[in-house]
Amino acid sequence: MKNHRKSEKLFKQAKAIIPGGVNSPVRAFKAVGGNPVFIVKGKGSKIYDVDGNSYIDYVLSWGPLILGHAHPKVIKALKSAAEKGTSFGAPTPLEIELANLVLKAYPSMDKVRMVNSGTEATMSAIRVARGFTKRDAIIKFEGCYHGHADGLLVKAGSGAMTFGIPDSPGVPESYAKNTITIPFNDIDALKTVINRQWKSIACVIIEPVVGNIGCVLPKPGFLAAVRALTKKYGIVLIFDEVMTGFRVAYGGAQEHYRIKPDMTCLGKVIGGGLPVGAYGGKKEIMSIVSPEGPVYQAGTLSGNPLAMTAGIETLKILLEKGTYKKLESLSSMLERGLKDAAKRAGVATRFYRAGTMFCTYFTNKEVYDYATAKTADTAKFSRFFSGMLDRGVNIAPSQFEAGFMSLAHSASDIEKTVRAAYESLKRA
Ligand code: KE4
């Protein structure tokens, strides 16, 4: 067993002054039990905790660190940018540079606006879609998480196709009632809702690969059907690629599945570990965004030079020849290893992967939506999680989160991970 004495002490202190002792709920290990470890350093594929333990890291700050921790070129660029000041509240050339990189990678967008988080990106994109269509209702899919804006913390109403009900205290019924939640991969449900009430529907927002119930892939033809239906009824299709962006492919899920959404939300990777979100779309839609148009959206630190610098450096490295070939080879090596470990340990699991994001479900059932993901044995997952942490491997502290690969991981990291997985699975 690893020594976690200092982490335990810090967690007690943190809980006295920060809600749940963390600045984002999933970090508190509530889904897996036990106390979180406090991290003091990351380098390459590894993170190091206050008690001197090291871990091969597959959380990677929940996706942003596709280059691994503290990439030397990113750190060097950040140091030099910081010496010139941290934020000016005025336009800078860096914002043009990152916007150009993003638009080149996502040709479905003509214009893009930088914000500070994925939540801000989706919240703003929905407001723009409502302003553009002059309609109020939105459709989302069960299990998809688009950040914590009020209208998105909504679960399916009594019948899945009816208006939503709040999924958190503090969200007024009046906000929830404009959000319709239907099962992912259920095109008939989408058809029924749209045929019945398309006149009131501003947008459909979707995680094209659902990273917030683990890793759930779209069934063949599903995304194309969503695209066709939304186009037919003038409904704005928003791809929330905050997680899939640059991870499923450099051009995101929309490149991989060849779908052109009307708007795209990005985050995580484009900030290289600093706070950045972005939303964009076709010029006729984005031209209504203030100050060009009447739909208001703003942010003190939006496009700040440090975050732009980290994002630019990250994307430039991702653009280097062979990057995605290497990411694919590392990710597929891990997939083969984990599947084989489960087989040798005699544990029923289902493994899904889209590019550099993946999930092992502790179930023998096919997982294609929220309900089937929920068949997973979370108690077994929790024992697996603790076994992996104790063997120096950091995976997401929840069965319903994705894991991520980085360019910094090595074949030997993956061999160690697979050995730890076999030992942990046998005891899970
Ligand atoms: P942020 O506001 O956390 O930057 O982004 C919200 C968001 C939007 N869209 C998608 C598809 C997302 O995955 C996220 C955030 N992802 C979670 C991981 N499940 C962030 C981790 C956390 O909440 O601490």
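In what follows, the structure referred to is the one given above.
The residue numbers shown here count from 1 along each chain, following its written sequence. Predicted model: local features are reported for residues with pLDDT of at least 70 only, side-chain atom pairs are reported and counted for 80 or more only, and whole-chain, interface and lining totals are derived from all residues. Each side-chain value is worked out from all heavy atoms of the structure, with water and hydrogens disregarded.

Chemist: Any chance you could break down the site of the ligand for me, citing the residues and the numbers?
Modeler: Near the ligand, the surroundings consist of 16 residues, among which S24, T119, N212, D240 and E401 are the closest. Counting of polar contacts relies on pairs of N or O atoms within 3.5 Å, with two restrictions inside protein: one atom must be capable of donating a hydrogen and the other of accepting it, and residues adjacent in sequence are counted only when both atoms are side-chain atoms. At 2.9 Å, a backbone N or O of G118 approaches an oxygen atom of the ligand. Taking D240, its side chain carries an N or O atom lying 2.7 Å from a nitrogen atom of the ligand. Against a free-state accessible area of 540 Å², the protein chains account for coverage of 85% of the ligand. Ten residues, namely Ala, Val, Leu, Ile, Met, Phe, Trp, Tyr, Cys and Pro, are considered nonpolar, four, namely Asp, Glu, Lys and Arg, are considered charged, and the remaining ones, Gly among them, are considered polar. Classifying every residue of the shell around the ligand by side-chain character gives 5 nonpolar, 7 polar and 4 charged. In terms of domain composition, the shell around the ligand takes at least three residues from each of domain 1 (5–70 + 323–426) and domain 2 (72–318). Only a single heavy atom is needed: when it lies within 4 Å of a molecule or strand, its residue is near that molecule or strand. The accessible surface values rely on the Shrake-Rupley method and a 1.4 Å probe; as for residues, cover is taken only from the protein chains in view. Domain limits in this description derive from either an automatic procedure or a database domain assignment.

Chemist: Summarise the pattern of salt bridges; cite the residues concerned and give the values.
Modeler: Basic side-chain nitrogens of Lys or Arg form a salt bridge, by our definition, when they fall within 4 Å of a carboxyl oxygen of Asp or Glu. Applying the stated criterion across every chain yields a total of 13 salt bridges. The shortest N-O distance in the salt bridge between R353 and E335 comes to 2.6 Å. You can see R353 sitting in strand β13 (residues 350–354) and its partner E335 sitting in helix α11 (residues 323–345), a full 18 residues away along the chain. Like E335, R353 is buried. Residues joined in a network through salt bridges with shared partners are E328, E335, K339 and R353. Here a strand is any run of E in DSSP of at least two residues, a helix any run of H or I of at least four, and the numbering for each starts at the N terminus. Buried means the residue's accessible area, taken with a 1.4 Å probe over protein chains only, is under 20% of the maximum for its type, while exposed means over 50%, and partly exposed covers the values in between.

Chemist: Can you tell me about the packing of helix α6 (residues 187–197) against helix α7 (residues 222–232), naming the residues and giving the values?
Modeler: Every axis in this analysis is a line fitted to C-alpha atoms, fitted for helices over the stretch in contact. Angles between the N-to-C directions lie between 0 and 180 degrees. Interhelical geometry of α6 versus α7 gives an angle of 10 degrees and a closest axis separation of 10 Å. It follows that α6 is roughly parallel to α7 by the angle criterion. Of the residues in α7, those in contact with I187, L190, K191 and I194 of α6 are F222, A225, V226 and L229. Counted by class, the contact of α6 with α7 contains 7 nonpolar, no polar and 1 charged residues. Each angle is binned into one of four classes, with values under 35 degrees roughly parallel, values over 145 roughly antiparallel, values of 65 to 115 roughly perpendicular, and all other values oblique. Working rule for contacts: check all heavy atoms of both residues, and any pair within 4.5 Å makes them a contact.

Chemist: Pulling in residues and values, what's your account of the nonpolar core?
Modeler: The definition of a nonpolar core used throughout is a set of buried Ala, Val, Leu, Ile, Met, Phe, Trp, Tyr and Cys residues joined through side-chain atoms within 4.5 Å. Counting residues in hydrophobic clusters, the biggest one holds 45 residues, and the most contacted among them are I139, F141 and L190. Elements with a contribution of two residues or more to this core: β5 (137–141), β8 (179–182), α6, β9 (201–206), α7, β10 (236–240), β13 and β14 (357–361). Per-element accounting of this core gives the leading share, 5 residues, to α6. Shared between two domains, this core holds at least three residues of each, these being domain 1 (5–70 + 323–426) and domain 2 (72–318). When sequence neighbours within four positions are dropped, the list of residues in contact with I139 reads I180, I182, L190, V193, I194, I201, C203, V204 and I205.

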